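Structural description and commentary
Below, each chain spelled out in residue letters.
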Amino acid sequence: MGPSGSGKSVLLRHIIGLEQPDEGEIRLNGQSVQGSDVLDRYRLAMVFQSAALLNSLTVAENVGLYLAEHRLRPPEEIRRIVSEKLALVGLEGTEDKLPGQLSGGMRKRVAIARALVMEPQLILYDEPTSELDPLSAQVIAEEILSLRDRIGVTSIVVTHDSALAFQVADRIGFLHDGRLVALEKPDQLRAHPDPLLQRFLQARAHRQPQEVAP
Ligand SMILES: Nc1ncnc2c1ncn2[C@@H]1O[C@H](COP(=O)(O)OP(=O)(O)O)[C@@H](O)[C@H]1O
Ligand SMILES: [Mg+2]
C-alpha cells in the first residue's frame, strides 16, 4: 500500500525480474532471485493494472495464450484448462467474447484467469481495483481471498486503496518514496506512528462518507 509514485509497481517489476535492482537484492524464501533459477521454480504470475488483454483475441485465446504460444499443451487440453480457469473466476461461458464486450471488472477477472493458467504459487496484483466501481472492486477483493482459500496461492496485492488492503491482507507494507516505512499486521498498522501513513489512512476515512452519499 502507498500513495501514487511511491514505488509499488517498481517493486512488483523487480520481484518478477522485469527490472534489476541497482542496489540490494530480491529474495524469495531466503534465496536471491538474481542469476538463479528461483524465478523458474517459483511460478509467478502478474495481474497487470490495465488487465493487458489483447483486444483482437477472444477471452479464451487471451487466457490460453501462454500455453498456445509455447505449445505446452494440445489445443483441446488448452480449451479445457481455459474453461476451468474461467470458471474459477466466475466467468464460465465467456470463452468466445472479445475483451471489448466485457465490463472492466470482468476484464480484470479474465486477467486473473490468465494468471491462473501458469498454476502459480505466487500471484502479484498491481492495483486490481483501480478504475473499477465500488461493487466490481468488491467482487475482485472477494475473488483474491477466494483464490487464496481454494487453490492455496500466495498473493501480493499492490494498491493505493487502503480499504482493499485491510480487506485482503494478512500483512500490510506501507511504501513511501521507494522505502518500506512499515510492514505490519493490519491492526498494528493502524496504530503505527509514521505520520504520513496516518495521514494516508485518515484521508481515506474522511472520504468514505462522501462516497456512499447519493
Ligand atoms: N523504469 C523506471 N526508471 C526510472 N524511474 C522509474 C521507472 N519506473 C518508475 N519510475 C519512477 O519510480 C517512482 C515509483 O513509480 P511506481 O512504482 O510506478 O509508483 P506506484 O507506487 O504509483 O506504482 C516514480 O517516481 C516513477 O516515476
Ligand atoms: Mg503503480
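For the structure given in this document, a descriptive report is provided here. (Residues numbered from 1 in each chain as written. Chains lettered and ligands numbered in written order. Predicted model: local features only at pLDDT ≥ 70, side-chain atom pairs only at ≥ 80, totals over all residues. Heavy atoms only, no water.)

Points about the side chain of glutamate 127
Tracing the sequence through the fold places glutamate 127 in the loop between β4 (122-126) and α6 (134-151). Of the residues examined, glutamate 127 reaches a relative accessible area of 7% and is grouped as buried. When neighbours within four sequence positions are excluded, glutamate 127 is seen to be in contact with Lys8, Gln49, Lys108, Val158, Thr159 and His160. (Helix = DSSP H or I, 4+ residues; strand = E, 2+ residues; numbered from the N terminus. Buried < 20%, exposed > 50% of the residue type's maximum accessible area, 1.4 Å probe, protein only. Contact = heavy atoms within 4.5 Å.)

Concerning the layout of surface pockets
The space that makes up the largest pocket amounts to roughly 1200 Å³. Lining the largest pocket are 37 residues, with Leu11, Ile15, Ile156, Gly173 and Leu183 sitting closest to its centre. Of all the secondary structure elements, the ones that give two or more residues to the lining of the largest pocket are α1 (8-15), α6, β5 (154-158), α7 (162-168), β6 (172-176) and β7 (179-184). When grouped by side-chain class, the residues that make up the lining of the largest pocket number 21 nonpolar, ten polar and six charged. (1 Å grid on protein atoms, 1.4 Å probe; cavity = no way out; pocket = protein on both sides within 12 Å on 5 of 7 lines; lining within 4 Å. Points joined across faces, edges and corners; volume = space filled by probe spheres on them. Nonpolar A, V, L, I, M, F, W, Y, C, P; charged D, E, K, R; others polar.)

As for the environment of glycine 178
Here glycine 178 is to be found in the loop between β6 and β7. As a C-alpha pair, glycine 178 and valine 89 span 89 residues in sequence and 33 Å in three-dimensional space.

Points about the site of ligand 1
In the vicinity of ligand 1, the contacting residues are Pro3, Ser4, Gly5, Ser6, Gly7, Lys8, Ser9, Val10 and Glu19. Contact distances for ligand 1 include 3.0 Å between an oxygen atom and a backbone N or O atom of glycine 7. One nitrogen or oxygen atom from the main chain of lysine 8 is found 2.8 Å from an oxygen atom belonging to ligand 1. Here ligand 1 has 560 Å² of accessible area as a free molecule, and 44% of this is covered by the chains. (Near = heavy atom within 4 Å. Polar contact = N/O pair within 3.5 Å; in protein donor to acceptor, adjacent residues only side chain to side chain. Areas by Shrake-Rupley, 256 points an atom, 1.4 Å probe, with all protein chains shown as cover.)

Here's the deal with α1
Taken together, the buried positions of α1 are occupied by Lys8, Leu12, His14 and Ile15. Here the buried residues of α1 occupy an arc of 160 degrees about the axis, which is enough to place them on one side. (Arc of directions from axis to C-beta.)

Re the pairing of β6
Judged by how many residues are buried, β6 sits mostly within the fold: four of five residues are covered. In the sheet, β6 pairs with β7 via five bridges, with the strands oriented antiparallel. Of the residues in β7, the one forming a bridge with isoleucine 172 is glutamate 184. Hairpin connection between β6 and β7: a loop of two residues separates the two successive antiparallel strands, and aspartate 177 in this loop has a positive phi of roughly 50 degrees. (Pairing = 2+ DSSP bridges.)

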